[in-house]
Number of protein chains: 2
Amino acid sequence: MSTPFSRAEYAQRLSQVKTRMDKAGFDLIICQDPANMGWLTGYDGWSFYVPQCVLVHQEEETPIWFGRAQDAKSAHFTTYLPARNIVPFSEKLIQHPVGHPYDELAELIRARGWGKARIGVEMDAHYYTARCHAHLTKGLPEARFSNNGDLVNWARLVKSEAELTFMREAGRICTHAMNSAIAKMKPGVPQYQVIAEIYHAQTMGVGGIGGDYAAICPLMPVGEGTSTPHLTWTDEPLPNSGLVMLEIAGVRRRYHAPLTRTMHLGKAPKEIGDVAKAVVEGVDAGLAKARPGNTAAEVEAAWQAVLRKHGLKKESRVGYPVGLAYPPDWGERTASLRPGDETVLDAGMCFHIQSGVWLADFGVAISESFVVTDKGGERLTDVARELIVID
Amino acid sequence: MSTPFSRAEYAQRLSQVKTRMDKAGFDLIICQDPANMGWLTGYDGWSFYVPQCVLVHQEEETPIWFGRAQDAKSAHFTTYLPARNIVPFSEKLIQHPVGHPYDELAELIRARGWGKARIGVEMDAHYYTARCHAHLTKGLPEARFSNNGDLVNWARLVKSEAELTFMREAGRICTHAMNSAIAKMKPGVPQYQVIAEIYHAQTMGVGGIGGDYAAICPLMPVGEGTSTPHLTWTDEPLPNSGLVMLEIAGVRRRYHAPLTRTMHLGKAPKEIGDVAKAVVEGVDAGLAKARPGNTAAEVEAAWQAVLRKHGLKKESRVGYPVGLAYPPDWGERTASLRPGDETVLDAGMCFHIQSGVWLADFGVAISESFVVTDKGGERLTDVARELIVID
């Protein structure tokens, strides 16, 4: 096995992270977000349901992988790290009521002479639990802990050319999966059969380029369910008439290109068609703004202005960065396309503009994943941009 | 939409949880584990990537759902809760650098008059982050916080008849998916094509009973990769000769029946066949012990005795309870089949005996999901129990 990127690219990432650490005043950061672990080292495996992390210390030449003994071998297979920086914890600490793997992490940090370090942790990373933090801080009473503010997530914001290759492949896989789903949808077809088609297409990929598992399962609210975004499928047949919303991603080497489309079974009421047109017009306004030098807030404002013109509005943010991701979320948890976000866009950033409008009784979403370029947002997928009517 | 269980069953669950709370000295518990949220209320949606929870207070007739405004409607659709106990937090708090949704959770708890309560939180639930805990405790300075020790997870250990129906359906789906994978495996077939087949079969289910998404993606280490358990697939073709290990689950209404099988492409060396026989013999010894009144440790000891007889041993635990689950794990994080675990088995408990042996250069796992019954462990799946040789 080998890492998905060159050794030079990992070195460049590490150097960028150390510069950010220096600026923020950290000797050591502890990364439990699986995407940060993978981005820093290549580590890849479905082991994030147990405590594990990657450490970056200013004076250490490579990161350190810390995880379950069973999984240390995966680290040898999938990372570029030297053996001394792959450190397993004892199996007996798995789901132990008293002991915790981070007791041994604290020991490791002390053993390396970093017991008094200024340590930045990912306070809000999904798997960095309250108990992880409690055991770690107890085990390192002389260290100075603070939130590193998603430091590595922010370092991931601009994608390299090699990453953009995966993003574009992910986009092609997503196009294929969405079109396969649309082809399968007919009144009377059980919902799960549409989803089976999607999973198959997501994984088969296109032209010999296989797909990977997505950080979020296919989301497919139906009928009144389209008024809320995160419902999943049932055994029920698709109705003869009504809305279906589908949000999925194409995934290549863990890089995600998400997409949402809204379908209407049978003739669509004019009101719904009008909302769909406003949404697409709004997305286009947002894409036109997605150029280096503009802010995340300006992209949102461009979209919101179009919506306002059509008498609509969206309360929640309209988008977020995408790239390398693991369950439960394909968003990178840094910038948001929303009022007040002054993040300045740069070429190579990738976003999902989740241009959905959720109203009292129904919702319409027609989104795009895009790369920021000098010419505005370059779309990663190519699926009909309209309310898709299935007769 | 409707809840998957009767109102009476939810009432019984709540009553059991309140009894446990009383015994443990809690006025209020806060459950962020999505499986606990679903088990208590019916709530179902892929929204667990943002802070959300279910509260149970001794004096409140039903639980309270607290989550993102966008998802509150999903709570109205999927739970039995009255509208006053579905409480949304403000969209602006999503991934906010300063504010946090749990600031509003603290407000809610104070507003209900519970600011001085004895509160049990799930310190090690995957999504209960260090930051969730920090904001919550800061917002409730007069409350007394402690770890509730997975109180609701423990309440879930014995399954009801209605739950066992889903577990058995999940088992049938798993059988179908595993057999589909085996049929697809041939030397030269790209790994992702086998996985596409699995996803399709997992979701299509059997006889009109559709499958749901699994808490863990299909795990398929190949060749030397079988020496570590959590690797996923690549684009590489299956080799002409060598081992493949596959761990998947069938899932019905979020209830999981996991299963592992080991395949050998081409003629298998005798050493590997011998390990496989020892593993199956060990599982049978464990299943025979899985009767009410015996302990989790006794099941492990029965398995380990067989292994020892064949000159093998396993360091890590040999199994865990399964049932309702969401990503990233289908284990229930309570009892473990391992030395020292004195949990007394009862009829209706369900376990996955993960009877894998991971050696220096390869691994062999032939597992079973089972229900504890008077006659020993009742297997939930029906797939050939041997090293499966694919010529």
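Residues numbered from 1 in each chain as written. Chains lettered and ligands numbered in written order. Predicted model: local features only at pLDDT ≥ 70, side-chain atom pairs only at ≥ 80, totals over all residues.

### Considering the overall build of chain A
When helices and strands are tallied, chain A shows ten helices and 15 strands. Whereas a compact globule of 391 residues would reach a radius of gyration of roughly 21 Å, chain A reaches 22 Å, a difference of no more than 12%. Oriented by its inertia axes, the alpha-carbon framework of chain A measures out at about 70 × 45 × 40 Å. Buried residues in chain A amount to 59% of all 391 residues. Taking all contacts inside chain A whose residues are at least 6 apart in sequence as the whole, residues at least 24 apart take part in 68%. (Helix = DSSP H or I, 4+ residues; strand = E, 2+ residues; numbered from the N terminus. Rg over C-alpha atoms; globule rule 2.2 N^0.38 Å. Buried ≥ 20, exposed ≤ 12 C-beta atoms within 10 Å, placed from the backbone. Contact = placed C-beta atoms within 7 Å.)

### Remarks on the packing of helix α4 (residues 101-111) of chain A against helix α5 (residues 130-139) of chain A
All names here are of chain A. Their axes nearest at 8 Å, the elements α4 and α5 cross at an angle of 35°. Remark: the crossing between α4 and α5 carries right-handed chirality. Contacts between α4 and α5 involve Tyr 102, Asp 103, Leu 105, Ala 106 and Glu 107 from the first element and Cys 132, His 135, Leu 136 and Gly 139 from the second. In terms of residue class, the contact of α4 with α5 is built from five nonpolar, two polar and two charged. (Axes fitted to C-alpha atoms, helices over the stretch in contact; angles between N-to-C directions. Left-handed = near helix turned anticlockwise from the far one by under 90°. Nonpolar A, V, L, I, M, F, W, Y, C, P; charged D, E, K, R; others polar.)

### Observations regarding the interface of chain A and chain B
Much of the literature gives interface size as the accessible area that the parts lose upon coming together. Each partner contributes to the interface: chain A provides 61 residues, whereas chain B provides 61 residues. Elements with a minimum of two residues in the side of chain A that touches chain B: α3 (69-78), α5 and α8 (191-204) of chain A. Per-element accounting of the side of chain A that touches chain B gives the leading share, eight residues, to α8 of chain A. Considering only residue class, the side of chain A that touches chain B consists of 29 nonpolar, 22 polar and ten charged.

### Focus on unusual backbone geometry
In terms of backbone geometry, most residues other than glycine have negative phi values and most peptide bonds are trans. A cis geometry characterises the amide bond from Pro 327 of chain A onward to Pro 328 of chain A, with omega recorded as 15°. Its identity is not glycine, yet Asp 150 of chain A carries a phi of approximately 55°, on the positive side. Tracing the backbone through its elements, the reader meets Asp 150 of chain A in the loop between β6 (144-147) and α6 (151-155). For Arg 253 of chain B, which is not glycine, the phi torsion reads 45° and is therefore positive. By the element assignment, Arg 253 of chain B lies in the loop between β7 (242-252) and β8 (255-265).

### Things to note about the relation of the copies chain A and chain B
Once chain A is rotated about the relating axis by 180° and shifted along it by 0.0 Å, it coincides with chain B to within an RMSD of 0.0 Å. Each copy turns onto its partner about a two-fold axis. Most of the interface of chain A is mirrored in chain B, where 100% of its interface residues are also at the interface. (Least-squares fit on C-alpha atoms with pLDDT ≥ 70 in both.)

### Remarks on the sheet that holds strand β9 (residues 319-321) of chain B
Residue and element names in this part refer to chain B. Pairing is antiparallel in the open sheet, where four strands are placed in the order β9-β10-β13-β14. Since the sheet does not close on itself, it has two edges, and those belong to β9 and β14 (376-379), each with one partner. Shown here is a sheet whose adjacent strand axes are inclined to one another by a mean of 35°, direction ignored. (Pairing = 2+ DSSP bridges.)

### Quick word on the pairing of strand β8 (residues 255-265) of chain A
Walk down a regular strand and you will see the side chains alternate between the two sheet faces. Residue and element names in this part refer to chain A. With eleven of its eleven residues buried, β8 lies for the most part within the structure. By the alternation rule, side chains of β8 split into Tyr 255, Ala 257, Leu 259, Arg 261, Met 263 and Leu 265 and His 256, Pro 258, Thr 260, Thr 262 and His 264, which are all buried. Bridge count between strand β7 (residues 242-252) and β8: eleven bridges; the pairing is antiparallel. By the bridge assignment for β8, Met 245 is matched with Thr 262. Between β7 and β8, which pair antiparallel one after the other, the connecting turn spans two residues, and Arg 253 there sits at a positive phi close to 45°. Relative to strand β15 (residues 388-390), β8 runs parallel, the two being bridged by three bridges.

### Let's talk about the environment of Phe 66 of chain A
Residue and element names in this part refer to chain A. Looking at the secondary structure, you find Phe 66 in strand β3 (residues 64-68). Among the residues examined, Phe 66 registers 26 C-beta atoms within 10 Å and is labelled buried. In this structure the C-alpha to C-alpha distance between Phe 66 and Ala 384, which are 318 residues apart in sequence, comes to 45 Å. For Phe 66, the contacting residues outside a window of four places in its chain are Gln 52, Cys 53, Leu 55, Val 87, Phe 89, Leu 105 and Leu 108.

### Some details on helix α1 (residues 7-24) of chain B
All names here are of chain B. Taking 1.5 Å of rise per residue, the 18 residues of α1 would be expected to cover 26 Å, and the 26 Å separating its terminal C-alpha atoms lies within 8% of that figure. Along α1, the positions that sit buried rather than exposed are Tyr 10, Arg 13, Val 17 and Met 21. Burial along α1 is one-sided: seen end-on, the buried residues are contained in an arc of 75°. Facing away from the buried side of α1 by more than 90 degrees, the exposed set consists of Ala 8, Ser 15, Thr 19, Asp 22 and Lys 23. Close packing links the buried residues of α1 with β1 (28-31), α2 (34-41), β2 (53-57) and α6 (151-155). Where α1 ends, the next residue or the one after it, Gly 25, has phi of about 80°, a positive value. (Expected span 1.5 Å × (residues − 1). Arc of directions from axis to C-beta.)

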